[in-house]
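# A look at the structure
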Amino acid sequence: MKNNSFLFSAKGICTAAFLSLNTIVYAQKTADISTISEKTLNTILEKNRAYYTQGKVADYIPELGKMDAKAIAFSVVDKNGKVFNTGDVSKKFTMQSISKIISLMVAVNEKGEAHIFDKMGYFGSDKPFNHFSNLETTGKPLNPMMNAGAILTTSLISGDGEKPFLKILDMVRYITKNQTIEYNKSVYESEKATGHRNRGMFYIMKNSGLISGNEDQLDNYFKQCSIELTAEDLAKIGYFFANQCVRFDGDTTYKNADMAKLVESQMLTAGMYEFSGEYSRTVGLPSKSGVGGGITVSVPGKIGIGVFSPSLDQHGNSLAGYHMILDLAKQYGLSIF
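A brief report on the enclosed structure follows. Model, not experiment: these values are computed from the prediction.

Across its full length, the protein holds 13 helices and nine strands. For 337 residues, the compact-globule estimate of 2.2 N^0.38 gives 20 Å, and the C-alpha radius of gyration of the protein, at 22 Å, lies within 12% of that figure. With 337 residues in all, the protein has 54% of them scored as buried. At a minimum sequence separation of 6, the contacts of the protein that also span at least 24 residues come to 68%.

See the structure below:
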């Protein structure tokens with residue numbers, strides 16, 4: 001009996017040692033995040049460059065259809081605020097839906113989370129970003145990451161005329177420390193001329209009493225979507241929310257851990273449209289995409305990532321951008337899960 005007990009114990013020790021060794025080997029498969037370099041990013045970029053051939057540039061907004069499908073850029077801001085860039089890093093593109101995380105921050109800073117989310121939900125969605133969802137039933141948008149919720153969020157920012165938009169623009173400039181950022185007037189005019197679906201959402205919410213103003217509020221939404229920036233700017237935005245709303249250069253003016261959690265949770269549950277669930281499984285990081293071809297990514301407590309490639313998949317997410325993020329996340333074990 002004692003021999004059997006000894007054998008059982010020895011077997012248990014061997015099994016534990018094997019599992020421990022496996023854990024060490026697995027851990028060694030992911031690289032140290034401090035080793036990220038422009039060479040690393042360039043290798044990943046070149047591996048995924050050709051994905052643009054499998055997607056399509058957004059053309060439902062005519063001005064967006066003029067983007068060069070082959071353009072691609074990859075940027076990371078590390079824990080110390082150091083910037084790494086590769087690809088078409090000077091290429092500008094419009095934020096589109098990425099602006100929604102900025103307008104959410106501005107609105108909540110002004111009115112408080114309870115006031116904003118009394119008028120919309122925290123829900124994810126299996127529907128496209130421009131879906132009417134439950135507007136016609138409950139009257140409330142599912143979340144602030146879908147168009148309806150974002151239009152409502154911007155309308156809740158105080159100020160007449162374009163003042164709400166200017167607050168969003170100023171926040172983007174602050175976070176990126178880039179005062180040259182402007183909105184693209186041609187894209188804005190194109191969005192305004194073709195944005196009838198968004199206009200329909202605006203008037204349904206006005207009809208239900210969620211919105212009380214006029215179409216100036218909708219114009220502010222079109223303008224915020226038309227803000228132009230680079231992949232580096234997106235990486236700085238990702239860093240900001242990853243680090244409790246502290247800027248990449250250490251500026252703590254807006255430091256707010258709870259705000260960062262709110263924005264990152266919305267990015268994780270709804271930031272990649274109806275692909276968000278699958279994206280959480282594969283990448284596992286708070287991210288926000290836009291049909292301009294950009295994606296901003298927050299690695300909580302660590303780094304910010306920005307990618308750009310205007311060729312989109314069926315969900316409206318950058319194809320090459322997604323695969324670059326996925327490869328980086330796998331290589332450095334970045335998933336929060």
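Evaluated as defined, the whole model comprises 12 aromatic pairs. Arranged with centres 4.1 Å apart and planes meeting at 5°, the rings of F117 and Y122 form a pair that is stacked. Of the residues examined, Y122 reaches a relative accessible area of 43% and is grouped as partly exposed. Ring pairing ties together the aromatic residues Y174, F240, F241 and Y254, which thus form one cluster. Directly above the ring of Y183 sits K185, whose terminal nitrogen or CZ lies 4.7 Å from the centroid.

Before going further, it helps to spend a moment on the pairing of strand β8 (residues 304–308). Counting buried positions along β8 gives five out of five residues, so the element sits mostly inside the fold. Residue alternation in β8 divides its side chains into two sets, G304, G306 and F308 and I305 and V307, and both sets are buried. Alignment of strand β2 (residues 73–77) against β8, held across five bridges, turns out to be antiparallel. Following the sheet pairing, V77 is matched in β8 by G304. Of the strand pairs in this sheet, strand β7 (residues 294–298) and β8 are connected by five bridges, and their pairing is antiparallel. Residue pairing across strands places S298 opposite G304, the latter belonging to β8. Joining the antiparallel neighbours β7 and β8 is a turn of five residues, in which G301 adopts a positive phi near 75°.

With 12 residues, helix α10 (residues 231–242) should reach 16 Å at 1.5 Å per residue; the first-to-last C-alpha distance of 16 Å fits that figure. Burial analysis of α10 places 11 of its 12 residues in the buried class, the great majority of the element. Within α10, the full set of buried residues consists of A231, D233, L234, A235, K236, I237, G238, Y239, F240, F241 and A242. Following α10 by one or two positions, Q244 adopts a phi angle in the positive range, close to 60°.

Turning our eyes to something else, we now look at the sheet that holds β8. Strand order in the open sheet formed by five strands is β3-β2-β8-β7-β6, and the pairing between neighbours is antiparallel. With one partner strand each, in any of the chains shown, β3 (83–87) and β6 (287–289) form the two edges of the open sheet. Looking at each pair of strands side by side, their axes are set apart by 10° on average, direction ignored. Summarising the sheet, β6 and β7 pair through three bridges and their orientation is antiparallel. Residue S287 lies in a different strand from β7, and its bridge partner there is V297.

What follows covers the side chain of R247. With respect to the element layout, R247 can be found in the loop between α10 and α11 (257–270). Among all residues touching R247, those that are not within four sequence positions of it are Y174, I175, K177, Y239 and F240.

Turning our attention to the packing of helix α3 (residues 99–111) against helix α9 (residues 216–225). Relative to each other, α3 and α9 sit at 130°, their axes nearing to 9 Å. It follows that α3 is oblique to α9 by the angle criterion. The two elements α3 and α9 cross, and the hand of that crossing is right-handed. Touching S99, K100 and S103 of α3 are Y221, Q224 and C225, all from α9. Taken together, the residues of the contact of α3 with α9 break down into two nonpolar, three polar and one charged.

Scoring rules and cut-offs
Residues numbered from 1 in each chain as written. Predicted model: local features only at pLDDT ≥ 70, side-chain atom pairs only at ≥ 80, totals over all residues. Heavy atoms only, no water. Helix = DSSP H or I, 4+ residues; strand = E, 2+ residues; numbered from the N terminus. Rg over C-alpha atoms; globule rule 2.2 N^0.38 Å. Buried < 20%, exposed > 50% of the residue type's maximum accessible area, 1.4 Å probe, protein only. Contact = heavy atoms within 4.5 Å. Phe/Tyr/Trp six-rings, centres within 6.5 Å; stacked < 30°, edge-to-face > 60°. Lys NZ or Arg CZ within 6 Å of the ring centre and 35° of its normal. Pairing = 2+ DSSP bridges. Expected span 1.5 Å × (residues − 1). Axes fitted to C-alpha atoms, helices over the stretch in contact; angles between N-to-C directions. Parallel < 35°, antiparallel > 145°, perpendicular 65-115°, else oblique. Left-handed = near helix turned anticlockwise from the far one by under 90°. Nonpolar A, V, L, I, M, F, W, Y, C, P; charged D, E, K, R; others polar.

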